[in-house]
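Summary of structural features
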Amino acid sequence: MRLTRRQIAAGAVAVAVPAKAATLTVRDVLERMHGQIGTPWFERGVDRIIAGDPETPVTGIATTMMGTFDAFKAAAAAKCNLVITHEPTFWSHQDTITQLQDDPLYKVKLAYMKAHNLVSFHFHDHWHAKLPVDGIHQGMADRMGWSLPAPYDRHIDLLPTTLGGLAREFQRKLGDRTLRVVGDPELPVKRIAVSWGNCSLLPGAPYLNSDCDALVIGEEQDWDLIAYAQDLVTAGRKKGLIVLGHILSEQWGMEYAATWLRGFVTEVPVRFVPLVEPYWNLKKPVFEINTRVLP
Amino acid sequence: MSTAQELIQRVTSHIGASDTGVATVGDAAQEVTGIAVMSQATLQGLQQAATAKANLVFSYDPVFWTGGDEINRLETDALFLEKRDFIQAHKMVVVTLRDKLRDARSDLIATGMAKALGWQAENPNLFRRPRTSLLGLTKELGAKLNDKTMRVVGDPAIAVATIATSFGNTSQATGIAALNGPADVLVCGYTREWEVVEYAQDMLSAGLKKGLVLLGENASVQPAMAYCAEWIRGFVSEVPVTAIALPEPYWNP
């Protein structure tokens, strides 16, 4: 059975609201998340508290794509001390800090988080594993204005456009200055595959060869899937590849995480912190910093 | 006439590396008509090699898009078969040099890139240049490396005089160390967005005036491989050695 998001949210509210106002801790929020994700909570993977104490009383929740220093500053300014990040806080997928003990930036960032009583929770694997549909996929589809087919797969049917037209649409809807494209700008496109975030040769090559005109990804090394896409084009296949950048390819999935959390956390505000694009390029040398929390 | 095996041995011995473990596709007993040197053995690169009548290809990056054992999972992939058949039909031997060059002769890459940029290195990976802005530096890199789609982290207006380089892929530890060194900016080929790019952003957020430039693999390696071609000509005279220039893989809307 496919539940609508409204049904999921309604069900969540019914079980989640406590009888009387008590101090809501980080642990309480995480336990509610365990019950709402739609799949058994698992210990493998990277999802855990990266910094801070699970007994910390929560004043507000911020969701964001990556635990950047900017994101923590924005969260603190909005009085949200539980920061739920899709990507790491300390610059590696595992948030490994053994080599960083003397790193000056690690010390500064950690001290800031302690001074503002911030707790960072890495919410990667479970948000992708969310049932009935990957939370990132749902949030990105919402942002792009797509309705997802059921059963969910990674293909989307679009109104007929071109590879260049589709790239400009992503640029506009995601605020993506530096996205890069492989393939003919005039290539007709009406069905795409999407693999948000990092996408290697596998599963990228089978996606490109599937019944689609173009594949859209976040990030990959040039000699991996990117070179494969180049070779497909050289070999005469009518295919395209759009590389959005990692943050911009996933972050609206974390806006959906805020919506989802509001369904079962009602005691404190839940805000989404959209990150600015990390890069500029020669065509658009515009520098932005200082993320703002969405109202 | 020399075989591919003989020439591969000669090149690896000049690199100062063992010829065992050199990733090679094709029949090494093949007689060589010419050598082509390139950054990435793309299908387009191999076609250009064939046009140049070169059947021994030295590439920085691997021919089948992966450094790992995933190749076994590609054996039913039509493009894999097409590329493999092209290599066989042209009696080609394709050699990936990335690991050997990195381990034993990273100076060749650094020297080749310095030469292409016209910069004098203080040490192989550090340059002191006349003061400019980060935007000024990226314009110079764009013009000299024919790179339109590079991506840059940092304020375009910051002053830049000391430049650290790490061409090709840059690991988390290497990138963090370089950004904490004396350089105003680190110029690399690629580094992961959730590692060194995030670190560089956090440095900016902490008020540090640093920059990070991601050139892309081809722009960050191709001039070095052109220099390698010149270097190979110093000890291979029986066949022509051609440096293949590949176009930028991307465009920006």
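1. Side note on the sheet that holds strand E7 (residues 188–198) of chain A
Residues and elements named next belong to chain A. Overall, mixed pairing links the five strands, which are arranged E5-E7-E8-E9-E6 in an open sheet. At either end of the open sheet lies a strand with only one pairing partner, and these are strand E5 (155–162) and strand E6 (180–182). Sheet twist, expressed as the mean angle between neighbouring strand axes with direction ignored, is 30 degrees. Bridge count for E5 against E7 is five bridges, and the pairing is antiparallel. The partner of His155 across the bridge, within E7, is Ala193. Packed on one face of the sheet, helix H7 (residues 163–174) meets E5, E6, E7, strand E8 (214–219) and strand E9 (240–243) and runs near 110 degrees to E5.

2. Some details on helix H6 (residues 135–144) of chain A
The periodicity of an α-helix, 3.6 residues per turn, causes residues three or four places apart in sequence to face the same way. Residue and element names in this part refer to chain A. Taken across its 10 residues, H6 has seven buried, putting it largely inside the fold. Buried within H6 we find Gly135, Ile136, His137, Gln138, Gly139, Met140 and Ala141. Of the residues one or two after H6, Gly145 is the one with positive phi, at around 80 degrees.

3. Description of the sheet that holds strand E7 (residues 151–153) of chain B
Residues and elements named next belong to chain B. If you walk across this open sheet you meet the six strands as E5-E6-E8-E9-E10-E7, and the pairing is mixed. Two strands close off the open sheet at either side, each with one partner strand: strand E5 (121–123) and E7. Neighbour-to-neighbour, the strand axes of the sheet open up by a mean angle of 30 degrees, direction not taken into account. With five bridges connecting them, strand E8 (residues 159–169) and strand E9 (residues 185–190) associate as parallel partners. Its bridge partner lying in E9, Ala164 is registered against Leu186.

4. Points about the domain arrangement of chain A
Residues and elements named next belong to chain A. The assigned domain composition of chain A is domain 1 (5–132 + 250–273) and domain 2 (146–247). Taken over C-alpha atoms, the centre of domain 1 sits 30 Å from the centre of domain 2. With six residues of domain 1 at the interface, the matching set in domain 2 holds six residues. Across the side of domain 1 that touches domain 2, the residue classes tally to three nonpolar, two polar and one charged.

5. Details of unusual backbone geometry
Cis geometry is found at the peptide bond from A:Ala150 to A:Pro151, where omega equals 0 degrees. With respect to the helices and strands, A:Pro151 occurs in the loop between H6 and E5. In this model, B:Lys91 sits at a positive phi of 50 degrees, which is unusual for a non-glycine residue. Classification of B:Lys91 by C-beta neighbours within 10 Å gives partly exposed; the count is 16.

6. Regarding the confidence of the model for chain B
Averaged over chain B, the pLDDT score is 95; the fraction of residues at 70 or greater is 98%. Our summary of model confidence lists the complex with pTM equal to 0.94 and ipTM equal to 0.96.

7. What about the packing of H6(A) against helix H11 (residues 252–262) of chain A?
All names here are of chain A. Contact geometry for H6 and H11: axes closest at 7 Å, N-to-C directions at 105 degrees. Of the possible angle classes, the one that applies to H6 and H11 is roughly perpendicular. Between H6, through Gly135, Ile136, Gln138, Gly139, Met140, Asp142 and Arg143, and H11, the contact on the second element is made entirely by Trp252, Gly253, Met254, Glu255, Tyr256, Ala257 and Trp260. Among the residues forming the contact of H6 with H11, the class breakdown is seven nonpolar, four polar and three charged.

8. Describing the domain arrangement of chain B
All names here are of chain B. Assigned domains of chain B: these are domain 1 (4–101) and domain 2 (106–219). Here domain 1 and domain 2 have C-alpha centroids that lie 30 Å from each other. On the domain 2 side, the residues contacting the four residues of domain 1 number five residues. Of the residues assigned to the side of domain 1 that touches domain 2, the class counts are one nonpolar, two polar and one charged.

9. Remarks on the interface of chain B and chain A
Interfaces are often described in size by the accessible area the parts lose on coming together. Chain B puts 52 residues into the contact, and the matching count from chain A is 52 residues. Mapped onto the side of chain B that touches chain A, the elements with two or more residues apiece are helix H2 (43–51), helix H3 (78–89), helix H6 (134–145), E7, helix H7 (172–179), helix H8 (193–205) and helix H9 (217–233) of chain B. Broken down by element, the side of chain B that touches chain A gets its largest block of residues, 11 residues, from H8(B). Partitioning the side of chain B that touches chain A into residue classes produces 22 nonpolar, 15 polar and 15 charged.

What counts and what doesn't
Residues numbered from 1 in each chain as written. Chains lettered and ligands numbered in written order. Predicted model: local features only at pLDDT ≥ 70, side-chain atom pairs only at ≥ 80, totals over all residues. Pairing = 2+ DSSP bridges. Helix = DSSP H or I, 4+ residues; strand = E, 2+ residues; numbered from the N terminus. Axes fitted to C-alpha atoms, helices over the stretch in contact; angles between N-to-C directions. Contact = placed C-beta atoms within 7 Å. Buried ≥ 20, exposed ≤ 12 C-beta atoms within 10 Å, placed from the backbone. Domains from an automatic or database assignment. Nonpolar A, V, L, I, M, F, W, Y, C, P; charged D, E, K, R; others polar. pLDDT = per-residue confidence, 0-100. Parallel < 35°, antiparallel > 145°, perpendicular 65-115°, else oblique.

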